[in-house]
Amino acid sequence: MSAVTMEANSILPVLKKKLAFLSGGKDRRSGLILTIPLNSDQTSMEELSATLDYLLSIPSDKCKARGFTVIVDGRRSQWNIVKTVVLMLQNVIPAEVSLVCVVKPDEFWDKKVTHFCFWKEKDRLGFEVILVSANKLTRYIEPCQLTDDFGGSLDYDHSDWLNKRLVFEKFTKESTALLDELTIINDSEKSASGDKDKSTDGALLPSLDPETVLQNGHELLSELQQRRFNDSEGGGGGGQAAPAWCPMDEELLAQPQVMKLLDSLRERYTKYQELCRQRNKRAQLDEIHAKVMQVVNWLQGPGSELLKTQQTIGDSMRAAQALQQKHEEIESQHSEWFAVYVELNQQIAALLSTGEEEEVAELKALQQQLSDVCYQQASQLETRQNVLQAAQAFHSTTQELSQQLDGLLGMLCVDVSPADGTSIQQNLKLLEEKLQTVEAGLSSLRQKGTLVLEQMCGQSSWSLEEAESPPGEHQENVQHVQAVMEEMELRKQRCEDMVDVRRLKMLQMVQLFKCEEDALQAVEWLSELLDALLKTHVRLGDDSQETRTMLDKHKKFVDVAQSTYDYGRQLLQATVVLCQSLRCTTRSSGDTLPRLNRVWKQFTVSADERQQRLELALNFHTIAERVLQQQHVEVESLDEVDSSGRTLLDRLALPIIFPDGSEQFFGSPIDTASTAEGVRERLLLIEERRLQLQEARLLNNEEEEEEVVNGLEGRLDVIGEELSEKEEQDEEEKEAEHQDEDLERATQDC
């Protein structure tokens, strides 16, 4: 690559005048064509010389060795200027010029040519000079290598060429300077890489952006490599048309220079990028190490100190909630550092996949240290959180159990005065439910107390490992939990004892009301038996067998009533005992006993009357049947039957007189009349038999008189027996009245 001694930018105004240019065309010897277009204005030789110096510095030495063909266009200039320019070429480029073609005007220089023959000066000039018309220039140069000024087909845009030269020179300058800077930076980075402790904060940076320079170079190279070919239409001389090269031909603009500069720049830039990558990685490692140590130092320092100050569990729900809020604030502070840990862990994981062996070992050590510290601190936070949650659950259960015990105690302190047994049973059920709720709450408290003790043991295990941890707080927490549980146990036991007493009292009250209800039921049953006795027990039977059966049923009926009465008296006696035990009075037992006695007396009177009537009826039917069955009947027997029947009829007509003086008949009048009709029918049979006996009495008066006497005696005996039974019944009634008076006095005393 030939050195560029002059920059287009330094003589840009001169180059813009287009005093000379390399169109890119070539002669038949492949020499470059240098065109000097002269005009009527005075041409500055200094500017032309500067232009030629710059243009001749562009081609390579190889290209210069093939020589130049110079076209001096004098068609719009004077002869002396043309001659001066040709002579100046001798001083500027004598060795490189092969041929100078002076394009003359058509009619102006014919006479003056003889005054200066260039061909005679060939040896002195060092090149051949010919005068030629523009239309004959194709004898020496192919038309495709000539611009349209000389009838050729070669395209040339001076402004475009100049702009490309400026771009090329700018790229060459920038790339060369960038290469030098990158070389210095790379060398300094290599020397600094040996000292790992050396700070990289003052790292050198290139003054130009390598990416921009490379992009400009690639764009320039792309333009240089775009060759445009013309067809053979513009060829001259009848020969074969040669391809017309772009004005920015690779020989003119040194395409290899650009390529070589790009290759060198890419190589240096790649090394620079690698060094930057290593430098950035080292800086990233240092930054990660600093952040890791920052996280570790905070967690092991202020973070641990915050946890050391939080060891208590509080003595109430409100205190536990305040501790929970404080713990959440501590967790919030830790969360910020844990977020840094997660970010660092991701960065370390990314570097582990691309790092070298030494870097990987360092990163793994940092990652392990960071993970150990973070997991330990997170475990302590979780343990503390579990302790606080267990403490809150314990205090909450304690508060609920205390309220339940207060409610149960309040219920026990209120005296029970229910209206009936149902309300007592409801109160007893409510009491049992409250006691079960308390037992369930105490069981839950035991479980949660055990859990909080276990959680505190886990907390104390790591807190004791820390220096200067207060062991006394753990013991106080344990003692507080145990004291609360013992207190709740004692309160529950006291309430349980009181519940036992209240339960016994309420059961006695239930029994009392039950006895009173059953006693009333006994009165009702006895009243129903009395009602049945008076309304349905009317018939006396049609014969002795039926009457005897009815008498047996009556005795059983009386036994049932007696059992009912005895059951009622026993219940009333039980109410007296329960009232004395409960020290209370009842509203119903006071009038139940008189009712029971009144109904019982009415029943006994009615039952006795019923029994006496059945016995009279049995006696009547028995005597009557015997008399009617005998062939020979005494008159006394007939009188006895008649007397018995009439006594029975009289008894049926009488009402039952109760002790209170009230009267009551058995059944309805119709029932009584029906029963009496059956007795009268049998008496009619007896009368018929009596008539038969009267006929026989006429025969034997003496026997009749004796039978009459005997009949009178028999009737006297019956009357005596009735009087004895009446006296016994009066004595039994007096004794029952004395017992009832004693029971009434006991009830009134209760």
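Residues numbered from 1 in each chain as written. Predicted model: local features only at pLDDT ≥ 70, side-chain atom pairs only at ≥ 80, totals over all residues. Heavy atoms only, no water.

Summarise the overall build of the chain; cite the residues concerned and give the values.
In terms of regular secondary structure, the chain is built from 18 helices and 7 strands. The 750 residues of the chain split such that 42% are buried. Considering only contacts within the chain whose residues lie at least 6 apart along the sequence, 83% involve residues at least 24 apart. Roughly 41000 Å² of accessible area belongs to the chain as shown, and the carbon and sulfur atoms make up 49% of that amount. (Helix = DSSP H or I, 4+ residues; strand = E, 2+ residues; numbered from the N terminus. Buried < 20%, exposed > 50% of the residue type's maximum accessible area, 1.4 Å probe, protein only. Contact = heavy atoms within 4.5 Å. Areas by Shrake-Rupley, 256 points an atom, 1.4 Å probe, with all protein chains shown as cover.)

Which residues make up the sheet that holds strand S4 (residues 97–103), and what values go with them?
Backbone-to-backbone hydrogen bonds pair the strands of a sheet. The strands run either parallel or antiparallel. Overall, mixed pairing links the 5 strands, which are arranged S1-S2-S3-S4-S5 in an open sheet. Both edges of this open sheet fall to strand S1 (21–26) and strand S5 (128–132), since each of them pairs with a single strand only. Across this sheet, the average inter-strand angle for adjacent strands is 25°, counted without regard to direction. Pairing geometry for strand S3 (residues 68–73) and S4, over 6 bridges, is parallel. Residue pairing in the sheet places Phe68 in a bridge with Val97 of S4. Against the sheet, helix H4 (residues 79–92) engages strand S2 (32–37), S3, S4 and S5, with an angle of about 175° to S4. (Pairing = 2+ DSSP bridges. Axes fitted to C-alpha atoms, helices over the stretch in contact; angles between N-to-C directions.)

Lay out the confidence of the model for the chain with the relevant residues and their values.
Confidence in the prediction of the chain, expressed as mean pLDDT, is 78, and 80% of residues score 70 or more. Per-element mean pLDDT across the chain ranges from 52 in helix H8 (residues 250–253) up to 90 in S2. The low-confidence segment residues 227–248, where pLDDT is below 50, has 41 contacts with residues more than four positions distant or belonging to other chains. (pLDDT = per-residue confidence, 0-100.)

Tell me about a negative patch on the surface, and name the residues and values.
A cluster of like negative charges, contributed by Glu615, Asp717, Glu721, Glu725, Glu728, Glu731, Glu732 and Glu735, occupies part of the molecular surface. Element by element, the count of residues in the negative patch is highest for helix H18 (residues 701–749), at 7 residues. Looking at the secondary structure, you find Glu615 in helix H15 (residues 589–629). The class of Glu615 is partly exposed, set by a relative accessible area of 34%. (Patch = residues over 30% accessible without salt bridge, like charges linked within 9 Å, V, L, I, M, F, W, Y side chains within 5 Å. Salt bridge = Lys/Arg side-chain N within 4 Å of Asp/Glu carboxyl O. Lys, Arg positive; Asp, Glu negative; His and termini not counted. Charge placed at Lys NZ, Arg CZ, Asp CG, Glu CD.)

For the side chain of Arg682, give the residues involved together with the corresponding values.
Relative to the helices and strands, Arg682 resides in helix H17 (residues 669–697). Among the residues examined, Arg682 registers a relative accessible area of 16% and is labelled buried. For Arg682, the side chain forms a polar contact with the side chain of His621, separated by 3.4 Å. Beyond its immediate stretch of four places on either side in the chain, Arg682 contacts Asp542, Asp543, Phe620, His621, Ala624 and Glu625. (Polar contact = N/O pair within 3.5 Å; in protein donor to acceptor, adjacent residues only side chain to side chain.)

Tell me about the nonpolar core, residues and numbers included.
Residues Leu408, Val481, Leu526 and Phe603 are the most contacted members of the largest nonpolar core, which totals 59 residues. Elements with a contribution of two residues or more to this core: helix H11 (357–413), helix H12 (421–463), helix H13 (471–536), helix H14 (544–582) and H15. Take this core: its biggest share by element is 20 residues, from H13. Counting only domains with at least three residues in this core, you end up with domain 2 (302–460 + 472–507) and domain 3 (537–697). In contact with Val481, not counting residues within four places along its chain, are Ile313, Phe394, Gly449, Val452, Leu453 and Met456. (Core = buried A, V, L, I, M, F, W, Y, C linked by side-chain atoms within 4.5 Å. Domains from an automatic or database assignment.)

Quick rundown of the packing of helix H9 (residues 255–308) against helix H10 (residues 317–352)? Include the residues and the values.
Interhelical geometry of H9 versus H10 gives an angle of 155° and a closest axis separation of 10 Å. Judged by the angle between their axes, H9 and H10 are roughly antiparallel. The way H9 lies across H10 gives a crossing that is left-handed. Judged by residue contacts, Gln284, Leu285, Ile288, Lys291, Val292, Gln294, Val295, Trp298, Leu299, Gly303, Leu306 and Leu307 of H9 engage Ile330, Gln333, His334, Trp337, Phe338, Val340, Leu344, Gln347, Ile348 and Leu351 from H10. A per-class count over the contact of H9 with H10 returns 15 nonpolar, 6 polar and 1 charged. (Parallel < 35°, antiparallel > 145°, perpendicular 65-115°, else oblique. Left-handed = near helix turned anticlockwise from the far one by under 90°. Nonpolar A, V, L, I, M, F, W, Y, C, P; charged D, E, K, R; others polar.)

Which residues make up the environment of Glu473, and what values do they have?
Structurally, the position occupied by Glu473 is in helix H13. Among the residues examined, Glu473 registers a relative accessible area of 24% and is labelled partly exposed. Expressed as a C-alpha distance, the spacing of Glu473 and Ile313, which sit 160 residues apart in the sequence, is 9.4 Å. Those residues in contact with Glu473 that lie beyond four places of it in its chain are Gln311 and Thr312.

Tell me about the pattern of salt bridges, residues and numbers included.
The final tally for this structure, using the stated rule, is 22 salt bridges. A salt bridge links Asp263 to Arg266; the nearest nitrogen and oxygen atoms lie 2.5 Å apart. Here Asp263 and its partner Arg266 are both found in helix H9, 3 residues apart, which amounts to about one turn of the helix. Taking the relative accessible area as the measure of exposure, Asp263 reaches 43% and is therefore partly exposed. Ionic pairing is found between Asp642 and Arg646, a salt bridge with its closest N-O pair at 3.1 Å. Placement of both Asp642 and Arg646 in helix H16 (residues 635–653) is noted, with a separation of 4 residues, approximately one turn of the helix. Here Arg646 falls in the partly exposed class, since its relative accessible area comes to 45%. One salt-bridge network, held together by shared partners, links Arg539, Asp542 and Glu546.

Describe the packing of aromatic side chains, and please don't skip the residues or the numbers.
In this structure the tally under the stated criterion is 6 aromatic pairs. Relative to Trp337, the ring of Trp298 lies with its centre 5.4 Å away and its plane at 20°, an arrangement referred to as stacked. Taken as a pair, Trp298 in helix H9 and Trp337 in helix H10 lie far apart in primary sequence, 39 residues in all. For Trp298, a relative accessible area of 16% corresponds to the buried category. Residue Trp337 is classed as buried on the basis of its relative accessible area of 18%. (Phe/Tyr/Trp six-rings, centres within 6.5 Å; stacked < 30°, edge-to-face > 60°.)

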